[in-house]
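Here is what each chain is made of, one letter per residue.
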Amino acid sequence: MDIFAAKARTFLRAHACIFMMMAYGLFIIIGAVVLMILEQPEENLLVREVRELKARFLAENPCVEESSLDSLLMNVLSASRRGVAALKSHSVECNFDFTSSLFFVITFLTTTGYGTTVPLSDEGRVFCVVYCLVGIPFTLLLLSGLTHALLPWVTHTPIQNLQVFWGLSRNHAALLHCSVLAFCTATLFFLLPAGALCLLENDWNYLESLYFCFISLSTTGLGDYLPGRTQSQAARQGLEFATSCYLMLGLIVLLVVLESFWELQQVQAILCFFAGPPWQGELKGVGLDELVLSGDMAGPEEEAHYTLPISTITPTFSDSPATPTIELPPIFDTETSKENVPPSLIPNSTSDPCPSTT
């Protein structure tokens, strides 16, 4: 039974990456099936309602042609997808004032991209592409630098304090610290902001507000929910600025939390199981005493050559006087190769190495 378990464990470790890919593919398929089951009935119901509304409008207004109505609806939907609300065309709201442009840039650089505001001109699209090539790597570099700068203060020092003052092992201290850190992050950046949005947005319930917080900090940015769209221009600008600060601060905190969890021994054990042990970068070869350079002074273009030692002289301990023996390398094991060995290196068993003196 133990042999079978050992073989099964070896087989799983050897094919862990393949099993993980298969499991991930199955996970994606399950998600698609569940989403189809949950959302397809709602979609069909909405389609029927829209068709009934359109048919009722045409019946009440016989002077309106169906083709003209379809053209109007297509133009309205196209403008709405580009950030222009046709129903509020009489208002003075602008999607590219300074605050809205700052909000767009931050969502663009953090790869959140809600999609509610997009560049309308070709020049704006070209600028976004060039700006993206420089801005996104710069943003990732900044977030990475801030994460590694905060990690000693937020993670390493508290873990050491738990070890010193509470007498916990490093593994238990790290688990306790990550649990507390995850609870504080969930409270300060998900639960409380969701409650604030639920109070500010009258049309949102708590679940919708929590959903917005999650898709924002996960950089998904579906764009189906965005605060400030049903309020005044000043209120919308304030919410956009607050959302910009929330995105930057929240991403930094989430990266610190993820890095803290990444350093857990359990996470590293799982990673080692699927990806194998990390390469330590050590040179596995012969010792320095077997390194022979071709020439007294090896030039910069000459390479080091590894060669076997010619011989190893070891003493043989016995009752007789110490007799040195010579161990030949494998290339001298055959009888035919002894012809090329110098006579001084071939031991003579018949002669007395230590002649007696009188």
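These notes cover the structure that comes with them. (Residues numbered from 1 in each chain as written. Predicted model: local features only at pLDDT ≥ 70, side-chain atom pairs only at ≥ 80, totals over all residues. Heavy atoms only, no water.)

1. Let's talk about a nonpolar patch on the surface
- Taken together, Phe 11, Leu 12, Ile 18, Phe 19, Met 22 and Phe 273 make up a surface patch of nonpolar side chains, about 560 Å² in accessible area.
- Elements represented by at least two residues in the nonpolar patch include exactly α1 (2-14) and α2 (16-60).
- Within the fold, Phe 273 resides in helix α9 (residues 265-275). (Patch = residues over 30% accessible without salt bridge, like charges linked within 9 Å, V, L, I, M, F, W, Y side chains within 5 Å. Areas by Shrake-Rupley, 256 points an atom, 1.4 Å probe, with all protein chains shown as cover. Salt bridge = Lys/Arg side-chain N within 4 Å of Asp/Glu carboxyl O. Helix = DSSP H or I, 4+ residues; strand = E, 2+ residues; numbered from the N terminus.)

2. Quick word on the packing of aromatic side chains
- Inspection of every chain in the model, using the stated rule, returns five aromatic pairs.
- Residues Phe 104 and Phe 108 carry aromatic rings whose centres are separated by 5.8 Å and whose planes lie at 20 degrees to one another, so their mutual orientation is stacked. Of the two residues, Phe 104 and Phe 108 both sit in helix α4 (residues 98-109), four residues apart, roughly one turn of that helix.
- For Phe 104, a relative accessible area of 15% gives the class buried.
- Aromatic side chains Trp 204 and Phe 212 sit 5.6 Å apart centroid to centroid with 50 degrees between the ring planes, which places their arrangement in the tilted category. Side by side, Trp 204 and Phe 212 carry an identical accessibility label, which is buried.
- What links up through ring pairs into an aromatic cluster is the set Trp 204, Tyr 211, Phe 212 and Tyr 225. (Phe/Tyr/Trp six-rings, centres within 6.5 Å; stacked < 30°, edge-to-face > 60°. Buried < 20%, exposed > 50% of the residue type's maximum accessible area, 1.4 Å probe, protein only.)

3. A few points about unusual backbone geometry
- Of note, the phi angle at Thr 111 is positive, near 60 degrees, even though the residue is not glycine.
- The residue Thr 111 is located in the loop between α4 and α5 (122-166) in this model.
- The phi torsion at Thr 219 lies on the positive side, around 55 degrees, for a residue other than glycine.
- Tracing the sequence through the fold places Thr 219 in the loop between α7 (206-217) and α8 (233-262).

4. Observations concerning the pattern of salt bridges
- Throughout the structure, instances matching the rule amount to four salt bridges.
- Of the charged contacts, one joins Lys 54 and Glu 66 as a salt bridge, the two residues approaching to 3.4 Å between their closest N and O atoms. With Lys 54 in helix α2 and Glu 66 in helix α3 (residues 66-81), this residue pair connects regions lying 12 residues apart in the sequence.
- Judged by its relative accessible area of 23%, Lys 54 falls in the partly exposed class.
- Of the charged contacts, one joins Arg 125 and Asp 122 as a salt bridge, the two residues approaching to 2.8 Å between their closest N and O atoms.

5. Considerations on the packing of α7 against α8
- Relative orientation of the contacting elements α7 and α8 amounts to 65 degrees, with a least axis distance of 9 Å. For the element pair α7 and α8, the recorded crossing hand is right-handed. Counted together, Phe 212, Cys 213, Ser 216 and Leu 217 of α7 and Thr 243, Tyr 246, Leu 247, Gly 250, Leu 251 and Leu 254 of α8 form the full contact between these two elements.
- Across the contact of α7 with α8, the residue classes tally to seven nonpolar, three polar and no charged. (Axes fitted to C-alpha atoms, helices over the stretch in contact; angles between N-to-C directions. Left-handed = near helix turned anticlockwise from the far one by under 90°. Contact = heavy atoms within 4.5 Å. Nonpolar A, V, L, I, M, F, W, Y, C, P; charged D, E, K, R; others polar.)

6. Section: the side chain of His 177
- You can see His 177 is positioned in helix α6 (residues 170-200).
- The exposure class assigned to His 177 is buried, which follows from its relative accessible area of 10%.
- The residues touching His 177, leaving out its near neighbours within four places in the chain, are Val 154, Thr 155, Pro 158, Ile 159 and Leu 162.

7. Structural notes on empty space enclosed by the protein
- One pass over the structure, following the stated rule, counts one cavity of 30 Å³ or more.
- Volume-wise, the largest cavity comes out at about 30 Å³.
- What lines the largest cavity is simply Asn 95, Ser 100, Phe 103, Phe 104, Thr 117, Arg 229, Arg 236 and Glu 240.
- Listing elements by their share of the lining of the largest cavity, those giving two or more residues are α4 and α8.
- For the lining of the largest cavity, the element with the most residues is α4, which contributes three residues.
- Along the lines of polarity and charge, the residues of the lining of the largest cavity split into two nonpolar, three polar and three charged. (1 Å grid on protein atoms, 1.4 Å probe; cavity = no way out; pocket = protein on both sides within 12 Å on 5 of 7 lines; lining within 4 Å. Points joined across faces, edges and corners; volume = space filled by probe spheres on them.)

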